[in-house]
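Letter by letter, the chains look like this.
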Amino acid sequence: MARAIILVLDSFGVGGAPDADRFGDAGSDTLGHIAEQCAIGLGDRQGLRQGPLLLPNLTSLGLVQAARLATGRVPAEMDDSVRPIGRYACANEVSLGKDTPSGHWEIAGVPVRFEWGYFPEGEETFPTDLLEKIYEIAELPGSLANCHASGTDVINALGEDHIRSGKPIFYTSADSVFQIAAHEHHFGLERLFRLCEAVRKLVDPLNIGRVIARPFIGESPDDFHRTGNRRDYSVPPPEPTLLDRARDAGRLVIAVGKISDIFAHQGISEMRKAEGNDALFNTTLAAMDDADDGDIVFTNFVDFDMLYGHRRDVPGYAAALERFDARLPEIARKLRRNDLVIITADHGCDPTWRGNDHTRERVPILCFGSAVTAGSAGIRETFADIAESVAAHLGLAPGRHGRSFI
Ligand SMILES: O=P(O)(O)O[C@H]1O[C@H](CO)[C@@H](O)[C@H]1O
Ligand SMILES: [Mn+2]
Ligand SMILES: [Mn+2]
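Residues numbered from 1 in each chain as written. Chains lettered and ligands numbered in written order. Predicted model: local features only at pLDDT ≥ 70, side-chain atom pairs only at ≥ 80, totals over all residues. Heavy atoms only, no water.

Caption draft 1: Quick peek at the coordination of the manganese ion (ligand 3). Around the manganese ion (ligand 3), the donor atoms from the protein are Asp-305 (OD), Asp-305 (OD), His-310 (NE2) and His-358 (NE2), and they sit 2.1 to 2.8 Å away. Each donor residue of the manganese ion (ligand 3) lies on one chain, and together they are spaced D-x4-H-x47-H. Residue His-310 is classed as buried on the basis of its relative accessible area, which comes to 15%. (Donors = N, O, S within 2.8 Å, 3.2 Å for Na, K, Ca; no water. Buried < 20%, exposed > 50% of the residue type's maximum accessible area, 1.4 Å probe, protein only.)

Structure below.
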């Protein structure tokens, strides 16, 4: 039994999704393309990192073999001669979308079989009647953007206009999201949260997955900066997840980072937020001290996706992976007998791909801990196998959608 620690490297795909062409993503490969770029010197950045991608700890857990399962190839300059000490696999996503809630809910045993609502690309993405209702309820003079955009670009372009006019910045992406950027001081953080709550209710009938508050600070494009006060207003998962099952069995579920938001706080005993991968890592270590036999620690490392994948920043992504890899022994040192650690991802976000959206990919599954038998668990048909493996490990009743691989 002991504990289960689930670490989601947000967007760390390993390529090879059989249905990638349905998304225009055939050939995308987050790990493979980062390794390829690093191998030819395009992952170098002065003062940050240089040379081939070096992930010795993830490699010892089976990352290279998991990537080979996914694509048939070894990522450039990575070492495939190491015999993994962990149990490794890659997994297909059966959820229809390649978004964060779909990926996390499927990891927690509940694939998303329905289509989300999306806002279309084009001149004006949000319907006029929806905008008018929002202006009326929230007493707003109007809004800015009203389009598909990259969050950092749209703040740079419209942030000053927002400060002057008091109109919040409304934008979306290929995900099922209504995002609202507003200045923490000029507009007000609490006011932004209240606005998002109101919009959440209004977009429920449109089946929109998340309304996201994107607070920022600064006075000009030179110093605009999004803060860690981002808040995601998700709809709840359509069925009880592994987290609900654990909670119902009296277990503690500690959600680190944006996990609690992603699950609309369902099945979570404790929410612990932190800003940035290093702080998330520290918070995870502290949560491991507090978790007892049978409990779950579940962390999302958002920087991979938010700071590097969407921003199409190969050196940044590579450096963040190397940093995570270097800190993995700190997790290993915290392990108690029979603990299970699972490292995985929720979708891809290939930093070499066109545009700035997620990419449909297989994800790696790397398991370690004294209860784990080393070797391949093959290509899994669904991320839900992760939930069922955790359930089996923690002595919880099996769920409806996946199969344990341990
Ligand atoms: O460009 P930013 O604001 O980071 O937005 C990204 O973050 C959203 C939610 O994770 C995604 O839908 C993606 O568009
Ligand atoms: Mn994600
Ligand atoms: Mn994302």
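What follows continues from the structure just given.
Caption draft 2: Geometry of the site of ligand 1. Gly-151, Tyr-171, Ser-173, Arg-226 and Arg-311 are the nearest of the 14 residues found near ligand 1. One of the side-chain nitrogen or oxygen atoms of Ser-173 is found 2.8 Å away from an oxygen atom of ligand 1. Contact distances for ligand 1 include 2.8 Å between an oxygen atom and a side-chain N or O atom of Asp-175. Relative to its unbound accessible surface of 360 Å², ligand 1 loses 98% to contact with the protein. Elements supplying a minimum of two residues to the shell around ligand 1: strand 5 (177-183) and strand 6 (210-217). (Near = heavy atom within 4 Å. Polar contact = N/O pair within 3.5 Å; in protein donor to acceptor, adjacent residues only side chain to side chain. Areas by Shrake-Rupley, 256 points an atom, 1.4 Å probe, with all protein chains shown as cover. Helix = DSSP H or I, 4+ residues; strand = E, 2+ residues; numbered from the N terminus.)

Caption draft 3: A look at the UniProt feature "binding site: Mn(2+) 1" (unreviewed entry) in the protein. Listed under "binding site: Mn(2+) 1" (unreviewed entry) in the UniProt record, and renumbered for this structure, are Asp-10, Asp-346 and His-347. Across 338 residues, the annotated set stays spatially compact, with a maximum C-alpha separation of 7.2 Å. You can see Asp-10 is positioned in the loop between strand 1 (4-9) and helix 1 (30-39). On the basis of relative accessible area, Asp-10 is assigned to the buried category, the value being 0%. Not counting chain neighbours up to four residues away, the residues in contact with Asp-10 comprise Thr-100, His-104, Lys-258, Asn-300, Phe-301, Val-302, Phe-304, Asp-305, Tyr-317, Asp-346 and His-347. Tracing the chain through its elements places His-347 in the loop between strand 12 (340-344) and strand 13 (363-368). What makes His-347 buried here is its relative accessible area of 0%. Those residues in contact with His-347 that lie beyond four places of it in its chain are Asp-10, Ser-11, Phe-12, Gly-13, Lys-98, Asp-99, Thr-100, Asp-305, His-358, Thr-359 and Val-363. (UniProt positions renumbered as here; feature names shortened; annotations may be inferred. Contact = heavy atoms within 4.5 Å.)

Caption draft 4: Structural detail: the environment of Ala-274. Turning to its location among the elements, Ala-274 is positioned in the loop between strand 10 (270-272) and helix 10 (277-290). For the pair Ala-274 and Gly-228, spaced 46 residues apart in the sequence, the C-alpha separation amounts to 7.6 Å. In this structure Ala-274 touches Ala-279, Leu-280 and Thr-283, once residues within four positions along its chain are discounted.

Caption draft 5: A look at the coordination of the manganese ion (ligand 2). Taken together, the protein ligands of the manganese ion (ligand 2) are Asp-10 (OD), Asp-10 (OD), Thr-100 (OG1), Asp-346 (OD) and His-347 (NE2), with distances of 2.1 to 2.7 Å. Read from N- to C-terminus, the donor residues coordinating the manganese ion (ligand 2) fall into the pattern D-x89-T-x245-D-H. Between the manganese ion (ligand 2) and the manganese ion (ligand 3) there is a metal-metal distance of 4.4 Å. Both residues of the pair, Asp-346 and His-347, belong to the buried class.

Caption draft 6: Quick peek at helix 1. When you tally the buried positions in helix 1, you get eight out of ten residues, the bulk of the element. Among all positions of helix 1, only Thr-30, Leu-31, Gly-32, His-33, Ile-34, Ala-35, Gln-37 and Cys-38 are buried.

Caption draft 7: Up close: the sheet that holds strand 12. Spatial strand order, 10-9-11-1-12-13-2-14: eight strands in an open sheet with mixed pairing. Of all strands in the sheet, those bounded by a partner on one side alone are strand 10 and strand 14 (375-380). Pairs of neighbouring strands in the sheet enclose a mean axial angle of 15 degrees, with direction left out of account. Lying on the sheet, helix 10 is in contact with strand 1, strand 9 (253-256), strand 10 and strand 11 (296-301); it crosses strand 11 at an angle near 180 degrees. Sitting on the sheet, helix 13 (residues 384-394) is in contact with strand 1, strand 11, strand 12, strand 13 and strand 14, with an inclination near 175 degrees to strand 12. (Pairing = 2+ DSSP bridges. Axes fitted to C-alpha atoms, helices over the stretch in contact; angles between N-to-C directions.)

Caption draft 8: Quick peek at the UniProt feature "binding site: Mn(2+) 2" (unreviewed entry) in the protein. When the UniProt feature table is mapped to this numbering, "binding site: Mn(2+) 2" (unreviewed entry) covers Asp-305, His-310 and His-358. The greatest C-alpha distance among the annotated residues, which extend across 54 residues, is 8.4 Å, indicating that they converge on a single site. Along the chain, Asp-305 turns up in helix 11 (residues 303-309). With near-sequence residues (within four places) excluded, Asp-305 lies in contact with Asp-10, Ser-11, His-310, His-347, Cys-349 and His-358. Tracing the backbone through its elements, the reader meets His-310 in the loop between helix 11 and helix 12 (314-334). Not counting chain neighbours up to four residues away, the residues in contact with His-310 comprise Asp-305, Cys-349, Asn-356, Asp-357 and His-358. Among the polar contacts listed, one links the side chain of His-310 to the backbone oxygen of Asn-356, at a separation of 2.7 Å.

Caption draft 9: Quick peek at the side chain of Ser-143. Take Ser-143: it is sitting in the loop between helix 5 (128-138) and strand 3 (144-148). Reaching out from Ser-143, the side chain makes a polar contact with the side chain of Tyr-135 at a distance of 2.6 Å. If near-sequence neighbours (up to four positions away) are discounted, Ser-143 is found in contact with Leu-131, Tyr-135, Lys-167, Pro-168 and Phe-170.

Caption draft 10: Representation of the pattern of salt bridges in the model. For the structure shown, the criterion picks out 24 salt bridges. Here Glu-322 and Arg-49 are joined by a salt bridge, their closest N and O atoms 2.8 Å apart. A residue pair is termed long-range when its members are at least 10 positions apart, and Glu-322 in helix 12 and Arg-49 in the loop between helix 1 and helix 2 (56-61) qualify at 273 residues. As far as burial versus exposure is concerned, Glu-322 and Arg-49 are alike and both buried. The residue Glu-388 makes a salt bridge to Arg-245 at a minimum N-O spacing of 3.2 Å. Placement of the pair is Glu-388 in helix 13 and Arg-245 in helix 8 (residues 242-248), with a sequence separation of 143 residues. For the pair Glu-388 and Arg-245, one class covers both residues: buried. (Salt bridge = Lys/Arg side-chain N within 4 Å of Asp/Glu carboxyl O.)

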